[in-house]
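Summary of the model geometry
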Amino acid sequence: MSVATLRPGGRAAWRNLDPVALHAWLRNASTDLDALEHITVRCHGDRADLVFFCAVDSLDTACAVAEEVCRRALETTGQLAGWEACVAVLHDGGESAG
């Protein structure tokens, strides 16, 4: 499991994100190789919190999957132009920057 937060970066205009649409954009950005089982999306004003559940063999790989899926979604989805992702992996109940 890994977590990510999307926030508008730089001069990107803040706008509400629809959690259903964001979930679809992230799913569309994933591939079978990502082994992504589930994504939880929560939108809170100026940010979106994401939790990625992947069928992978390590926490580091889970973090890499989340980073890659977020990168692809940010690059290919016009509605996310100017947004940035911060991804972390959970180790024994605590967070570690990824």
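Coordinates for the structure precede this section.
Residues numbered from 1 in each chain as written. Predicted model: local features only at pLDDT ≥ 70, side-chain atom pairs only at ≥ 80, totals over all residues. Heavy atoms only, no water.

What follows concerns the pairing of strand 3 (residues 47-54). Where a strand is regular, its side chains alternate between the two sheet faces. Covered by surrounding structure in strand 3 are Ala 48, Leu 50, Phe 52 and Cys 54 only, the residues Arg 47, Asp 49, Val 51 and Phe 53 on the alternate face being uncovered. Pairing between strand 1 (residues 2-8) and strand 3: five bridges, direction antiparallel. The residue of strand 3 that forms the bridge with Thr 5 is Asp 49. In this sheet, strand 3 lies alongside strand 2 (residues 36-44) in antiparallel orientation, the contact comprising eight bridges. The residue bridging His 38 from the neighbouring strand is Phe 53, located in strand 3. What sits between the antiparallel neighbours strand 2 and strand 3 is a turn of two residues, in which Gly 45 has the positive phi angle 55°. (Buried < 20%, exposed > 50% of the residue type's maximum accessible area, 1.4 Å probe, protein only. Helix = DSSP H or I, 4+ residues; strand = E, 2+ residues; numbered from the N terminus. Pairing = 2+ DSSP bridges.)

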